[in-house]
Amino acid sequence: MEPRKIIPAVSVAVVRGKTVLLVKRARAPSQGLYAYPGGKVEPGETLAQAAARELKEETGLEAGDYRPLRDIHIDGSGENHAVDYLLTVFGAAYAGGEPVASDDAETAAFYSLAEMAAMPLAGDVFEVAEELLGPAQDNGRQLS
């Protein structure tokens, strides 16, 4: 069996105060789940350029201070994709404007960790948000 093709992809977690930007995915992979805006890297783009472009295409927003947070290998075979993805998740700082869902996003909005806890999330979304926002607070007690 020949090895599966791995395609570079990016997503970006934009932080505004104690909230992070999520889009509801309008198509596969992860259709109907909330995730960070992102997509495939185009030829000639750096990962950070791809993250900025995908953010703009999916939400109309711009952000600054892009920094890579983690790499996630996504096995596409689970959703009958012919390829796998190497997803680089970026953190970025909110730079103004209100998100408007477009391209392959169904909705786009900022959410707190408490709100995210009750939402259907893709992959490592919650863990990344905790990294960026700090652990969820519950009446002053740390949730573990």
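Here the structure is shown first, and the text comes after it.
In what follows, the accompanying structure is described. A quick note: this is a predicted structure, and the numbers were derived from the prediction, not measured. (Residues numbered from 1 in each chain as written. Predicted model: local features only at pLDDT ≥ 70, side-chain atom pairs only at ≥ 80, totals over all residues. Heavy atoms only, no water.)

## Here's the deal with the packing of aromatic side chains
- Applying the stated criterion across every chain, the model contains 3 aromatic pairs.
- Between Tyr-66 and Phe-90, the aromatic rings sit 6.3 Å apart at their centres with planes inclined by 70°, giving edge-to-face as the arrangement. In this pair, Tyr-66 sits in strand β5 (residues 63-74) while Phe-90 sits in strand β6 (residues 83-94), placing the two residues 24 residues apart along the sequence.
- A residue is classified by how much of its surface remains accessible, and Tyr-66, at 23% relative accessible area, is partly exposed.
- Ring geometry for Tyr-94 against Phe-110: centres 5.4 Å apart, planes inclined by 85°, an arrangement best described as edge-to-face. Of the two residues, Tyr-94 is situated in strand β6 and Phe-110 in strand β7 (residues 105-111); the sequence distance between them amounts to 16 residues.
- Given the relative accessible area of 27%, Tyr-94 is considered partly exposed.
- In this arrangement the basic side chain of Arg-16 is found over the ring face of Tyr-94, its NZ or CZ atom lying 5.0 Å from the centre. (Phe/Tyr/Trp six-rings, centres within 6.5 Å; stacked < 30°, edge-to-face > 60°. Helix = DSSP H or I, 4+ residues; strand = E, 2+ residues; numbered from the N terminus. Buried < 20%, exposed > 50% of the residue type's maximum accessible area, 1.4 Å probe, protein only. Lys NZ or Arg CZ within 6 Å of the ring centre and 35° of its normal.)

## Topic: unusual backbone geometry
- Of note in the backbone geometry, Asp-65 takes a positive phi value of approximately 60° without being a glycine.
- Tracing the backbone through its elements, the reader meets Asp-65 in strand β5.
- Under the relative-accessibility criterion, Asp-65 is labelled exposed at 53%.

## A closer look at the pattern of salt bridges
- Summed over all chains, the structure comprises 11 salt bridges.
- Here Arg-53 makes a salt bridge to Glu-45, at a shortest N to O gap of 2.6 Å.
- Its relative accessible area of 19% is what places Arg-53 among the buried residues.
- Among the ionic pairs, Asp-65 bridges to Arg-67, the shortest N-O distance being 3.5 Å.
- One salt-bridge network, held together by shared partners, links Glu-42, Glu-45, Arg-53, Glu-54 and Glu-57. (Salt bridge = Lys/Arg side-chain N within 4 Å of Asp/Glu carboxyl O.)

## Some remarks on helix α1 (residues 47-59)
- Counted at 1.5 Å a residue, the expected span for α1 with its 13 residues is 18 Å, and the 18 Å between its end C-alpha atoms agrees.
- In this structure, the buried side of α1 is in contact with β1 (5-16), β2 (19-25), β4 (38-40), β5, β6 and β7.
- Downstream of α1 by one or two residues, Gly-60 has phi in the positive range, about 80°. (Expected span 1.5 Å × (residues − 1). Contact = heavy atoms within 4.5 Å.)

## Here's the deal with the environment of Gly-134
- Summarising the element assignment, Gly-134 is placed in the loop between α3 (125-133) and β8 (137-138).
- Here the alpha-carbon distance between Gly-134 and Lys-18, two residues 116 residues apart in the chain, equals 8.7 Å.
- For Gly-134, the contacting residues outside a window of four places in its chain are Leu-113 and Ala-129.

## Quick look at the environment of Glu-79
- Within the secondary structure layout, Glu-79 lies in the loop between β5 and β6.
- With relative accessibility at 41%, the residue Glu-79 sits in the partly exposed group.
- Residues Glu-79 and Ala-28 lie 51 residues apart in sequence; the distance between their C-alpha atoms is 7.8 Å.
- Sequence-distant contacts of Glu-79, that is, excluding residues within four places in its chain, are made with Ala-28, Pro-29 and Ser-30.

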